[in-house]
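This is what each chain is made of:
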Amino acid sequence: VGVVSLRHNHGYRFGQGDIYVLVRLRATFETIEVDPHELLDARWMSREAIEAALVPADYAGDLEDRVSANNWKLISNALDGTLIEGREMPNSRGGRPSILYTAPPPTRL
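Computed from a predicted model, the values in this text were never measured in an experiment.

(A) Geometry of the overall build of the protein. In terms of helices and strands, the protein carries two helices and four strands. Starting at the N terminus and ending at the C terminus, the protein contains elements arranged as β-β-α-α-β-β. The C-alpha atoms of the protein give 17 Å as radius of gyration, which overshoots the globular expectation for 109 residues (13 Å, by more than 25%). Counting only C-alpha atoms and orienting by the principal axes, one finds that the protein spans roughly 50 × 45 × 35 Å. Looking at the protein residue by residue over its 109 residues, the buried ones come to 15%. Put simply, of all contacts in the protein between residues at least 6 apart along the chain, 28% involve residues at least 24 apart. Summed over all atoms, the accessible surface of the protein reaches about 9,600 Å², with 53% contributed by carbon and sulfur. The positive charge centre, built from 12 side chains, and the negative charge centre, built from 15, are 10 Å apart in the protein.

(B) The packing of aromatic side chains, seen in detail. For the structure on display, the rule yields zero aromatic pairs. Geometry around tyrosine 20 places arginine 7 over its ring, the cationic atom sitting 4.7 Å from the centre.

(C) Layout of the pattern of salt bridges. Throughout the structure, instances matching the rule amount to five salt bridges. Residues arginine 43 and aspartate 41 are paired through a salt bridge, measuring 3.6 Å at the closest nitrogen-oxygen approach. The class for arginine 43 is partly exposed, based on a relative accessible area of 48%. The class for aspartate 41 is partly exposed, based on a relative accessible area of 48%. Of the charged contacts in the structure, one is a salt bridge between aspartate 80 and arginine 47, with a shortest N-O distance of 3.0 Å.

(D) Structural context of a nonpolar patch on the surface. Together, Val1, Leu6, Ile19, Val21, Val23 and Leu25 make up a nonpolar patch on the protein surface, roughly 610 Å² of accessible area in all. For the nonpolar patch, the leading source of residues is strand β2 (residues 18–24), giving three residues. Tracing the chain through its elements places valine 23 in strand β2.

(E) Structural view of the environment of valine 3. Locating valine 3 in the fold gives a position in strand β1 (residues 2–9). For valine 3, a relative accessible area of 12% puts it in the buried group. Spatially, the C-alpha atoms of valine 3 and arginine 24 are 6.3 Å apart, while their sequence positions differ by 21 residues. Not counting residues within four places of it along the chain, the set of residues in contact with valine 3 comprises Val21, Leu22, Val23, Leu83, Ile84 and Tyr101.

The rules we used
- Residues numbered from 1 in each chain as written.
- Predicted model: local features only at pLDDT ≥ 70, side-chain atom pairs only at ≥ 80, totals over all residues.
- Heavy atoms only, no water.
- Helix = DSSP H or I, 4+ residues; strand = E, 2+ residues; numbered from the N terminus.
- Rg over C-alpha atoms; globule rule 2.2 N^0.38 Å.
- Buried < 20%, exposed > 50% of the residue type's maximum accessible area, 1.4 Å probe, protein only.
- Contact = heavy atoms within 4.5 Å.
- Areas by Shrake-Rupley, 256 points an atom, 1.4 Å probe, with all protein chains shown as cover.
- Lys, Arg positive; Asp, Glu negative; His and termini not counted.
- Charge placed at Lys NZ, Arg CZ, Asp CG, Glu CD.
- Phe/Tyr/Trp six-rings, centres within 6.5 Å; stacked < 30°, edge-to-face > 60°.
- Lys NZ or Arg CZ within 6 Å of the ring centre and 35° of its normal.
- Salt bridge = Lys/Arg side-chain N within 4 Å of Asp/Glu carboxyl O.
- Patch = residues over 30% accessible without salt bridge, like charges linked within 9 Å, V, L, I, M, F, W, Y side chains within 5 Å.

Here you go:
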């Protein structure tokens, strides 16, 4: 359970930056309760179902019910990747501590 990766796009929708944080979590229930004010739909999907929906990197069609090559990289990393380490550090302004996220140290050969 923790942060797996970040994706950032400059000048995304409406000319604004977009930061996407991917987090690996563990469900406490198998039932998904969708908040209609936040999501239209949500469902559990197996790795095989996601792979079956994968489209080629040069695909330019509608992505509804499809998975882009870039999103597959994010999903694969969420399933199999190393977590980014989060460590508490004192907040320079006082109050609750901040969390600094860093990559794990490199493996020495």
